[in-house]
Amino acid sequence: MERKNFLRAFAVAAAAGPMVLSACKKDATTTTSSTSTTTTTTGTTVTETGSCIVTATETEGPYPYPGGELTDPLDRSDITESQTGVALSLTINVVNANNDCAPVANARVDIWHCNKDGYYSGYANQPGISGNLSYVGKTFLRGYQLADTSGQVKFTTIYPGWYGGRATHIHFEVYVDGVMKKTTQITFSETISDAVDVSTLYAALGVNPVRNASDTVFGDSATDLANETVALEGSIANGYSGTYTIGLAL
C-alpha cells in the first residue's frame, strides 16, 4: 500500500512539473545512539556512524529491484555499470546489536540508488532534469554482496545525485538466512553533497534544495539522522570512501 501511495504521489508530482516528488516516511526509529572514531591509513580521522545500535528502519521506497531482490539478484561488488560520476567506495559492517555487536557472517546486503541525474534503473516515467525517462530493463547502481566472516561487505559505486523531495541518499536491505531483517537508508554531509552537486558531471542539477534535517525520512529524528549520516574521506577528484555499520536485533 505504501508503494502504491508513493507512486500515486509521484504521478501527481510529475504532472505538476519535473523534480517534484513526495518523500517516503520512516517505518520505525531507534532508541539509542552511538558512534566510534577510527583513524585511516591516510591519517584522517573518520567517525563511523551506526555502530553498536539497532539501525533505524526506513521505508524501502518505490525503486527496489524490479521483480524482487531474492528472485532476480545482482551479485556484485561494483555496481557502477558504466554510470559516470564521482567515485564512491562504501564498506558496510553488519553486526548483531543484541550480542555486543558480534559480526553477522553471510548476511546479504542489498544496495540501490539513483544516478548523478536523479534516475533509478529498472523503472519508467521518472521525472527529472532530462524530463520523464524510462530505464526499464537497466540494472545500474544495484547489487548485493554476502558478508564475510567479519560481517563486512564492500561496494564500488558513484556518489548519488538527487531528485525532487528527497535529500541525497542510498538504500540498503539486509537479509539473514533468506529473511529480510532491515531496510534502511543513509545520507552524507551536506558540505560534501553540495560540492559534488556543483562539480562538472552533476552541475546540471545544481545543489539539492532538500536539507538532511528537513527530509521526511531522515529529518523526523535528530538521533537517527546523526546515525544515518555517513562520514566520508577523499575528494571529488580522487573519489570518496566511508564505512557504515548496520546493527540488527537478532
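Just so we're clear, the structure is a prediction, and the values are computed from it rather than from any experiment. (Residues numbered from 1 in each chain as written. Predicted model: local features only at pLDDT ≥ 70, side-chain atom pairs only at ≥ 80, totals over all residues. Heavy atoms only, no water.)

Caption draft 1: Structural detail: the overall build of the protein chain. Secondary structure summary: the protein chain contains three helices and twelve strands in total. Here the protein chain holds 250 residues, and 52% of them are scored as buried. Here the contacts in the protein chain between residues at least 6 apart in sequence split such that 72% fall between residues at least 24 apart. If you sum the accessible surface of the protein chain, you get close to 10500 Å²; carbon and sulfur atoms cover 52% of it. (Helix = DSSP H or I, 4+ residues; strand = E, 2+ residues; numbered from the N terminus. Buried < 20%, exposed > 50% of the residue type's maximum accessible area, 1.4 Å probe, protein only. Contact = heavy atoms within 4.5 Å. Areas by Shrake-Rupley, 256 points an atom, 1.4 Å probe, with all protein chains shown as cover.)

Caption draft 2: Local environment of unusual backbone geometry. The phi torsion at Cys101 lies on the positive side, around 60°, for a residue other than glycine. Although it is not a glycine, Leu141 adopts a positive phi angle of roughly 60°. Take Leu141: it is sitting in the loop between β5 (108–112) and β6 (142–146). Here Leu141 falls in the buried class, since its relative accessible area comes to 0%.

Caption draft 3: Summary view of the sheet that holds β6. The five strands are arranged β6-β5-β8-β9-β10 in an open sheet whose pairing can be described as mixed. Sheet topology places β6 and β10 (229–230) at the edges, where each strand pairs with a single neighbour. Pairing geometry for β5 and strand β8 (residues 170–176), over five bridges, is antiparallel. Looking at β8, one finds that Arg108 is bridged to Tyr175. (Pairing = 2+ DSSP bridges.)

Caption draft 4: Geometry of the environment of Ile246. Along the chain, the position of Ile246 falls in strand β12 (residues 239–248). Take Ile246: its relative accessible area is 0%, and that puts it in the buried class. Residues in contact with Ile246, not counting those within four places in the same chain, are Thr55, Ile92, Asn93, Val94, Val95, Phe172, Val174, Lys182 and Thr184.

Caption draft 5: Molecular detail of the nonpolar core. Ranked by internal contacts, the top residues of the largest apolar core, which has 32 residues, are Ile92, Tyr159 and Phe172. At the level of elements, β3 (87–96), β5, β7 (152–158), β8, β9 (179–188), α2 (190–197) and β12 are the ones that each hand at least two residues to this core. In this structure, Tyr63, Cys114, Tyr120 and Tyr123 belong to the second largest nonpolar core, which totals six residues. (Core = buried A, V, L, I, M, F, W, Y, C linked by side-chain atoms within 4.5 Å.)

Caption draft 6: How the structure looks around the packing of aromatic side chains. If you walk through the whole model with that rule in mind, you get seven aromatic pairs. Look at Tyr63 and Tyr120: their rings are 4.3 Å apart centre to centre, the planes differ by 20°, and that puts the pair in the stacked class. Linking Tyr63 in the loop between β2 (45–49) and β3 with Tyr120 in the loop between β5 and β6, this pair joins segments that are 57 residues apart in sequence. Relative accessible area serves as the criterion here: at 4%, Tyr63 is assigned to the buried category. With a relative accessible area of 1%, Tyr120 lands in the buried category. Ring geometry for Tyr120 versus Tyr163: centroids 5.6 Å apart, planes at 70°, classification edge-to-face. Taken together, the positions of Tyr120 in the loop between β5 and β6 and Tyr163 in the loop between β7 and β8 put the pair 43 residues apart, joining distant regions of the chain. The residues Tyr120 and Tyr163 share a single accessibility class, namely buried. Within the aromatic cluster, the residues linked to one another by ring pairs are Tyr63, Tyr120, Tyr123 and Tyr163. (Phe/Tyr/Trp six-rings, centres within 6.5 Å; stacked < 30°, edge-to-face > 60°.)

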